Amino acid sequence: MRFIAAIVFFVVAVVGVGLGVAQRTVWAPPDRVTAELQLESTATVTVLDGSALNAYPGRQTVEIIGGVVAPILPEPEPSETPAAGETPAPAPDPDAPTETEAITAAYGRTSDVMAWVGNASHNLITWDAENAVFVTETMAGTESAVPDPYGGDLWYGDYQGEGELGLTVNVPDDVSLLIVSDGTLPAPQSLSVTWPLDNSTPFSTVLILGGVGALVIGLLLLLWALLHMRRQRGPRRKTPKMPKVPKPSRYRPVSGRALLGRPKGRRAAQRTALVPTLLLGSMLLVACTGPGAVVSASPSPVPSDAIDAPAVAVTENQLERIVSRIGTTIQQADETVDATLAGTRMAGPALELRTASYTVKSSVADFAIAPVIPVGDVQLTLPERLPEEGDTWPRRVFTIVRAPATVDDAGAETQSAPLALVLVQDDPRSQYRVHYAVTVTLPEDAERPEVAPAALGAPLLPSTTPLLATTPEQVAIGYADVLLRGDQSESFDLFQAEGDTLVEQIGAAAKAARAAALPTTAAISFSNAVGEADIFSFVTNDGGALVMLYLTESESVTPTEAGAAVNAPAAVAALAGRSQSTTGISATYGIQILFSVPPVGSEAQVVLLGFTQGLIAGREIS
């Protein structure tokens, strides 16, 4: 029986190891699945829907193949035989060099992708789960050409290539992929998506280890059987003994062990020990054949479990990329004093100040253009919370950025103040532009209003909202009056005077000192107004708001005696076109201001958080 047990375990070992190795080799399931599609459409845009991208779980590897753009060869016009001495027109060369088709791919929220497509003709690719194939539907539109989407602020990511383009993403169901060529040619006609499959075989390890264990047990049983056989055989040449007369047996009571039929002796014990060993071998064989059958080479698509979170204008990663692009563009515009280039990334009060600064810079070489838009760290991201439909514009974002610290030759480190920006995207195909750029003047240790995380965003309130202690519109009117009249203003108690550095610089007391410093031959007058710009109010966690508004302040210096003249500072003269005037000079300054406004019912005051003031116009008084 020992030999039989060893043979059984050897069979178990061979079967176990064989099955385990087979599961990892010849029976191994595929490690990926690929779906391909060949289009035959003239539409300039293709949209690969999020449902198609998530037909199978895991990262999506997309391969896009474009065509070859061959030069259009004009057909030769029929003509008579050329006259003597006339050189015939050269025939077109069919072997002329060709260009590969440009490919651009970008992915973003599905509602944003479809908003960007707009009225353009496009192919919409979805997924047929029953047949496991792509389904294409061509949507006719009124636009036959689209702009290049590469570098757009709307996307989570974008890619560009020629001839072929490969990209790997991991996007949820509500994100789609946009594919175009150059915007005028048909979109690339060939694409494929590959998903990884879980081809792990956990039972193969159990089978292999079980087979090795069975082999070890079989070897031990074989050695035991050989040793036992050697003992049992004994010496071969031995004189046989005569049989003894049997003795009469004595009476012994029958034991319970015999009544139960249990075997006795060493052989019986060996047979008994062999039973659990055979049972173990049979259990291993059963374990080898059961679980392997549930491994499938074609997993079913992952169900979509969307996170219940509101849609926001941008994500944190998006904003970091947008701010970097804006900072790079504005730095180039500052270096070249190019207002047109600055206009691609600025608008509203920020562009008005920048344009005037460029005009001054062209005449006054040492004029400092401020504020500097840094390509730095984004310290705060507060995007606008969008309505449920998510496809509304314009979109607004409040952010605070800070340039990295600089070190001078002496080793001293200088840290610039943070800059609060309000970015606005007018429509899906537009870039975000800076409407406000305000230097934060609030001390580092001062209490700051708390805002929602970037993933939740914040709604915007209208300028006449009753949900604040005072409306943003009234904040602008009241503060303009405080700057002009100081504590004589009816709105003076509405604002916190402590820490208000703007009042210290251009408030009523500063204006009185300015007037006192003029000679008796000149007089100065001031006027303030609410600027023609949108007021943006982002809700804070306590129900208040971060309010960004715009004021203008004009000062007019006129001579008070006949024949007297007033001189204009160099910056004002650059805008006014005159450095001296006998009728007077007027200068207008734009003031971009950031306030923290408390919620309705609060007795707290409105707090100044920062401001940017700069010259925006100059003229001679007629």
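What counts and how
- Residues numbered from 1 in each chain as written.
- Predicted model: local features only at pLDDT ≥ 70, side-chain atom pairs only at ≥ 80, totals over all residues.
- Heavy atoms only, no water.
- Helix = DSSP H or I, 4+ residues; strand = E, 2+ residues; numbered from the N terminus.
- Buried < 20%, exposed > 50% of the residue type's maximum accessible area, 1.4 Å probe, protein only.
- Contact = heavy atoms within 4.5 Å.
- Areas by Shrake-Rupley, 256 points an atom, 1.4 Å probe, with all protein chains shown as cover.
- Expected span 1.5 Å × (residues − 1).
- Core = buried A, V, L, I, M, F, W, Y, C linked by side-chain atoms within 4.5 Å.
- Pairing = 2+ DSSP bridges.
- Axes fitted to C-alpha atoms, helices over the stretch in contact; angles between N-to-C directions.
- Patch = residues over 30% accessible without salt bridge, like charges linked within 9 Å, V, L, I, M, F, W, Y side chains within 5 Å.
- Salt bridge = Lys/Arg side-chain N within 4 Å of Asp/Glu carboxyl O.
- 1 Å grid on protein atoms, 1.4 Å probe; cavity = no way out; pocket = protein on both sides within 12 Å on 5 of 7 lines; lining within 4 Å.
- Points joined across faces, edges and corners; volume = space filled by probe spheres on them.
- Nonpolar A, V, L, I, M, F, W, Y, C, P; charged D, E, K, R; others polar.
- Polar contact = N/O pair within 3.5 Å; in protein donor to acceptor, adjacent residues only side chain to side chain.

Engineer: Break down the overall build of the protein for me, with residues and values.
Structural biologist: Of the regular secondary structure elements, the protein holds 13 helices and 25 strands. Counting all 622 residues of the protein, 41% fall into the buried class. Sequence-distant contacts, at least 24 apart, represent 74% of the contacts inside the protein between residues at least 6 apart. Carbon and sulfur atoms make up 56% of the accessible area of the protein, which totals about 34300 Å².

Engineer: Residues and numbers for helix H7 (residues 316-336), please.
Structural biologist: Over its 21 residues, H7 extends 30 Å from the first C-alpha to the last, a length consistent with the 30 Å expected when each residue adds 1.5 Å. For H7, the set of buried residues is Gln 318, Leu 319, Ile 322, Val 323, Ile 326, Gly 327, Thr 329, Ile 330, Ala 333 and Asp 334. Those residues of H7 that are buried are in contact with helix H8 (339-342), helix H9 (348-363), strand S13 (377-383), strand S14 (395-402), strand S17 (419-425) and strand S18 (433-440). Just downstream of H7, Val 337 is the residue with a positive phi angle, here 50 degrees.

Engineer: Any chance you could break down the nonpolar core for me, citing the residues and the numbers?
Structural biologist: If you look at the biggest cluster of nonpolar residues, it comprises 26 residues, and the most contacted ones within it are Leu 48, Ile 64, Trp 127, Phe 134, Leu 167, Leu 177 and Trp 195. Listing elements by their share of this core, those giving two or more residues are strand S1 (32-38), helix H2 (50-53), strand S3 (60-65), strand S6 (102-109), strand S7 (122-128), strand S10 (164-169), strand S11 (175-180) and strand S12 (190-196). Each residue touching Leu 167, except ones within four places of it in the same chain, is listed here: Gln 60, Thr 61, Val 62, Ile 64, Ala 105, Tyr 159 and Leu 177. Core analysis: the next-biggest nonpolar cluster, separate from the first, contains 24 residues, Leu 461, Ile 535, Val 606 and Phe 611 among them.

Engineer: Let's hear about the sheet that holds S10: which residues, and what values?
Structural biologist: Read across the open sheet, the four strands follow the order S1-S12-S3-S10; overall the sheet is antiparallel. Since the sheet does not close on itself, it has two edges, and those belong to S1 and S10, each with one partner. Strand-to-strand twist of the sheet, defined as the mean angle between neighbouring strand axes without regard to direction, takes the value 15 degrees. Sheet topology places S1 next to S12; seven bridges connect them, and they run antiparallel. In the strand pairing of S12, Glu 36 is matched with Ser 192.

Engineer: Talk me through the sheet that holds strand S2 (residues 45-48); I want residue IDs and the actual numbers.
Structural biologist: The sheet built from six strands is open, its strands ordered S8-S7-S2-S11-S6-S9 with mixed pairing. Whereas interior strands pair on both sides, the edge strands pair on one side only; in this sheet they are strand S8 (133-139) and strand S9 (157-162). Sheet twist, expressed as the mean angle between neighbouring strand axes with direction ignored, is 20 degrees.

Engineer: Explain a nonpolar patch on the surface residue by residue, including any values.
Structural biologist: A cluster of nonpolar residues, Phe 3, Val 212, Val 216, Leu 220, Leu 223, Leu 226 and Met 229, forms a patch on the protein surface that exposes about 600 Å² of accessible area. Among the elements that line the nonpolar patch, the one with the most residues is helix H4 (residues 202-233), at six residues. Note that Leu 220 resides in helix H4.

Engineer: Help me get a handle on the pairing of S6, residues and values and all.
Structural biologist: A large share of S6 lies buried, amounting to seven of its eight residues. With six bridges connecting them, S6 and S9 associate as antiparallel partners. Among the inter-strand pairings, Ala 102 is bridged to a residue of S9, identified as Glu 162. Sheet topology note: the S6/S11 ladder contains six bridges and is antiparallel. In the sheet register, Gly 108 faces S11, and the bridge partner there is Ser 176.

Engineer: Could you give an account of the layout of surface pockets, with specific residues and numbers?
Structural biologist: Estimates place the volume of the second largest pocket at around 540 Å³. Around the second largest pocket, the lining comprises 25 residues; the ones closest to its centre are Glu 447, Arg 448, Pro 449, Ser 596 and Val 607. The element best represented in the lining of the second largest pocket is strand S25 (residues 607-620), accounting for three residues. Class assignment of the residues belonging to the lining of the second largest pocket gives a composition of 12 nonpolar, seven polar and six charged.

Engineer: How would you summarise the side chain of Thr 612 if you had to cite specific residues and measurements?
Structural biologist: If you trace the backbone, Thr 612 turns up in strand S25. Polar contacts involving the side chain of Thr 612 include one to the main-chain carbonyl oxygen of Ala 437, which spans 2.8 Å. The residues contacting Thr 612, other than those within four sequence positions of it, are Leu 353, Pro 371, Ala 437, Val 438, Thr 439, Gly 590, Ile 591 and Gln 592.

Engineer: Explain the environment of Asp 334 to me, using residue names and the numbers behind them.
Structural biologist: On the secondary structure map, Asp 334 appears in helix H7. A relative accessible area of 17% means that Asp 334 is categorised as buried. Distance from Asp 334 to Ser 357, taken between C-alpha atoms, is 9.5 Å for residues 23 residues apart in sequence. Beyond its immediate sequence surroundings of up to four residues, Asp 334 is in contact with Arg 354, Tyr 358 and Ile 369.

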